[in-house]
Amino acid sequence: MTPKERAVAALTLKVPDMVPTFELEFQLEEEMFGRKFITEDLTREGLTKLSWKEKEKRIYQLAEYMVEVYSTLEYSSIPDFVLGDASEFWNEGGPLPEETKLLIKYLRKLVGDNYMIHYHGDGTFAIPDGNEMYEFAYAIADNREAVKGKAAKMAETAIERNKRLAEVGVDCLILCSDYCYNSGPFLSPAMFEEFIQPYLYKIIDEARKLGLYTIKHTDGNIMPILDQLVECRPHALHSLDPQAGVDIKVVKELVGDKVCLCGNVNCALMQTGTDEEVIQSAEYALTYGKPGGGYIFCTSNVPFKGLPPERYKLILDVWRRMREY
């Protein structure tokens, strides 16, 4: 099977020839491959200083490097970047920056249909930061309809963005609004049902109509809202956060016949644990995620900057040892 075929099999609850792997993002390219993806000339400010011909050359070189990195890692899906001024795209669902469209075009040219390309596509409320938490709580108490009106507008903007992504060849959406602390969701299940679930369902439903796959990411303890998340019909759930006590064995038993599971190697152990603990976490994820298909191996967040690259290589070694069906 091709890497994309493996991912599609897992996302549609079938059994591929081997467990696919990917990450939402990969931040260790400099440590493991020698240079960064985004250099100064590829930042938004740097791109404005280049002629279009120079942009084409540098963006093609970036695409080549991305393919080198992700094919070496044996990912089934390539995380994409936003290049250029994307403010209108994110805020209004306007057109994709031409630089981003060009990167996707080059990636597709280089990999054909052998790999998926994924991109962020959420538009639901996430845990507010410290400056906005009181404002959000007061808004729910004072004017629930206004909050739902804002949620509907956010969802419509996300749907318009996702249409643009489908048009240029993105295969899969990563829905990355975080809903949960380690203790549980930031809204009660009843409030989640009112202020988030209908809008998440609509985003996913419209994405499915476009032929896009969807992976719903949220850290934290999702167990009180697990059924609600599954009812929104994402193809997969990520990250099944072990730091919040979410056990992939339990989740597989509860909903593994309804949704693909992605995860859940413990990122905290990868940073501070022993090699033996890291290996055990990877083995546990594969042992209980793999049976019957519907599983993608990855960390419980991303291979983040500062993580010892040896630890990431360690879990990939476990995956290579246990990945065959």
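Structure shown above.
Residues numbered from 1 in each chain as written. Predicted model: local features only at pLDDT ≥ 70, side-chain atom pairs only at ≥ 80, totals over all residues. Heavy atoms only, no water.

1. Things to note about the pairing of strand β2 (residues 116–120)
Logical step 1: β2 sits mainly inside the fold: 4 of its 5 residues count as buried.
Logical step 2: With 3 bridges connecting them, strand β1 (residues 77–79) and β2 associate as parallel partners. Considered in β2, the bridge of serine 77 is made with methionine 116.
Logical step 3: Pairing analysis gives 3 bridges linking β2 to strand β3 (residues 172–175), with the strands arranged parallel. Paired with histidine 120 across the bridge in β3 is isoleucine 174. (Buried < 20%, exposed > 50% of the residue type's maximum accessible area, 1.4 Å probe, protein only. Helix = DSSP H or I, 4+ residues; strand = E, 2+ residues; numbered from the N terminus. Pairing = 2+ DSSP bridges.)

2. A look at helix α6 (residues 98–111)
Logical step 1: Its 14 residues give α6 an end-to-end C-alpha distance of 20 Å, which sits within 8% of 20 Å, the value for a rise of 1.5 Å per residue.
Logical step 2: Residues of α6 that are buried: Glu99, Thr100, Leu102, Leu103, Ile104, Tyr106, Leu107 and Val111.
Logical step 3: Taken together, the buried residues of α6 touch α3 (44–47), α4 (52–72), β1 and β2.
Logical step 4: Trailing α6 by a residue or two, glycine 112 shows a phi angle of about 60°, which is positive. (Expected span 1.5 Å × (residues − 1). Contact = heavy atoms within 4.5 Å.)

3. Details of the packing of aromatic side chains
Logical step 1: Across all of its chains, the model carries 17 aromatic pairs by this definition.
Logical step 2: On the numbers, 5.0 Å between centres and 85° between planes, the contact of tyrosine 60 with tyrosine 106 is edge-to-face. With a gap of 46 residues between them, tyrosine 60 in helix α4 and tyrosine 106 in helix α6 connect regions that are remote in the sequence.
Logical step 3: Look at phenylalanine 89 and tyrosine 119: their rings are 6.5 Å apart centre to centre, the planes differ by 80°, and that puts the pair in the edge-to-face class. Taken together, the positions of phenylalanine 89 in helix α5 (residues 87–92) and tyrosine 119 in strand β2 put the pair 30 residues apart, joining distant regions of the chain.
Logical step 4: By the ring-pair criterion, three or more aromatic residues cluster together here, those being Phe26, Phe33, Phe37, Tyr65, Tyr70, Tyr75, Phe81 and Tyr312.
Logical step 5: Across from the ring centre of tyrosine 325, 5.4 Å away, lies the NZ or CZ of lysine 290, which sits over that ring.
Logical step 6: Geometry around tryptophan 319 places arginine 323 over its ring, the cationic atom sitting 4.6 Å from the centre. (Phe/Tyr/Trp six-rings, centres within 6.5 Å; stacked < 30°, edge-to-face > 60°. Lys NZ or Arg CZ within 6 Å of the ring centre and 35° of its normal.)

4. Observations regarding the pairing of strand β6 (residues 213–217)
Logical step 1: In terms of burial, β6 is a largely internal element, 5 of the 5 residues being buried.
Logical step 2: Along β6, one buried face is formed by Tyr213, Ile215 and His217 and the opposite face, lined by Thr214 and Lys216, is buried too.
Logical step 3: Looking at chain direction, β3 and β6 are connected through 4 bridges and run parallel. Looking across to β6, one finds that leucine 175 is bridged to lysine 216.
Logical step 4: Once you follow β6 into helix α11 (residues 226–231) and on to strand β7 (residues 236–239), the crossover reads as right-handed. (Right-handed = clockwise from strand over helix to strand, strands pointing away.)

5. Considerations on empty space enclosed by the protein
Logical step 1: All told, the structure shown has 2 cavities of 30 Å³ or more when counted by the stated rule.
Logical step 2: If you go around the largest cavity, the residues you meet are Ala7, Leu11, Pro20, Thr21, Phe22, Ser76, Ser77, Met116, Cys172, Ile215 and Ile296.
Logical step 3: Class assignment for the residues of the lining of the largest cavity results in 8 nonpolar, 3 polar and no charged.
Logical step 4: Considering only enclosed or pocket space, the second largest cavity measures out at about 40 Å³ in volume.
Logical step 5: What lines the second largest cavity is Lys216, Thr218, Ile222, Leu229, Leu237, His238, Ser239 and Leu240.
Logical step 6: Along the lines of polarity and charge, the residues of the lining of the second largest cavity split into 4 nonpolar, 3 polar and 1 charged. (1 Å grid on protein atoms, 1.4 Å probe; cavity = no way out; pocket = protein on both sides within 12 Å on 5 of 7 lines; lining within 4 Å. Points joined across faces, edges and corners; volume = space filled by probe spheres on them. Nonpolar A, V, L, I, M, F, W, Y, C, P; charged D, E, K, R; others polar.)

6. Let's talk about the environment of lysine 290
Logical step 1: Among the structural elements, lysine 290 can be located in the loop between α14 (275–289) and β9 (295–299).
Logical step 2: The contact partners of lysine 290, leaving out residues within four places of it in the chain, are Val19, Ala285, Tyr295, Met322, Arg323, Glu324 and Tyr325.
Logical step 3: Reaching out from lysine 290, the side chain makes a polar contact with the backbone oxygen of methionine 322 at a distance of 2.7 Å. (Polar contact = N/O pair within 3.5 Å; in protein donor to acceptor, adjacent residues only side chain to side chain.)

7. Description of unusual backbone geometry
Logical step 1: A cis geometry characterises the amide bond from histidine 238 onward to serine 239, with omega recorded as 20°.
Logical step 2: Of the consecutive residues glycine 263 and asparagine 264, the connecting peptide bond is found in the cis state with omega at -15°.
Logical step 3: Residue placement: asparagine 264 occurs in strand β8 (residues 260–265).
Logical step 4: The phi torsion at leucine 13 lies on the positive side, around 65°, for a residue other than glycine.
Logical step 5: Among the secondary structure elements, leucine 13 is positioned in the loop between α1 (3–11) and α2 (29–33).

8. A few points about the nonpolar core
Logical step 1: With 102 residues, the main nonpolar core has Phe22, Phe26, Tyr70, Leu73, Tyr179, Phe297 and Tyr312 as its most contacted residues.
Logical step 2: Here this core gets 8 residues from one element, more than from any other, and that element is α4.
Logical step 3: Contact partners of leucine 73, with chain neighbours within four places excluded, come to Thr21, Phe26, Met32, Phe33, Tyr312, Leu316, Trp319 and Arg320. (Core = buried A, V, L, I, M, F, W, Y, C linked by side-chain atoms within 4.5 Å.)

9. Focus: the sheet that holds β6
Logical step 1: Pairing is parallel in the open sheet, where 7 strands are placed in the order β1-β2-β3-β6-β7-β8-β9. Each having just a single partner strand, β1 and β9 make up the two edges of the open sheet. Adjacent strand axes in the sheet meet at a mean angle of 25°, parallel and antiparallel pairs treated alike.
Logical step 2: Relative to β9, β8 is paired through 5 bridges, and the arrangement is parallel. (Axes fitted to C-alpha atoms, helices over the stretch in contact; angles between N-to-C directions.)

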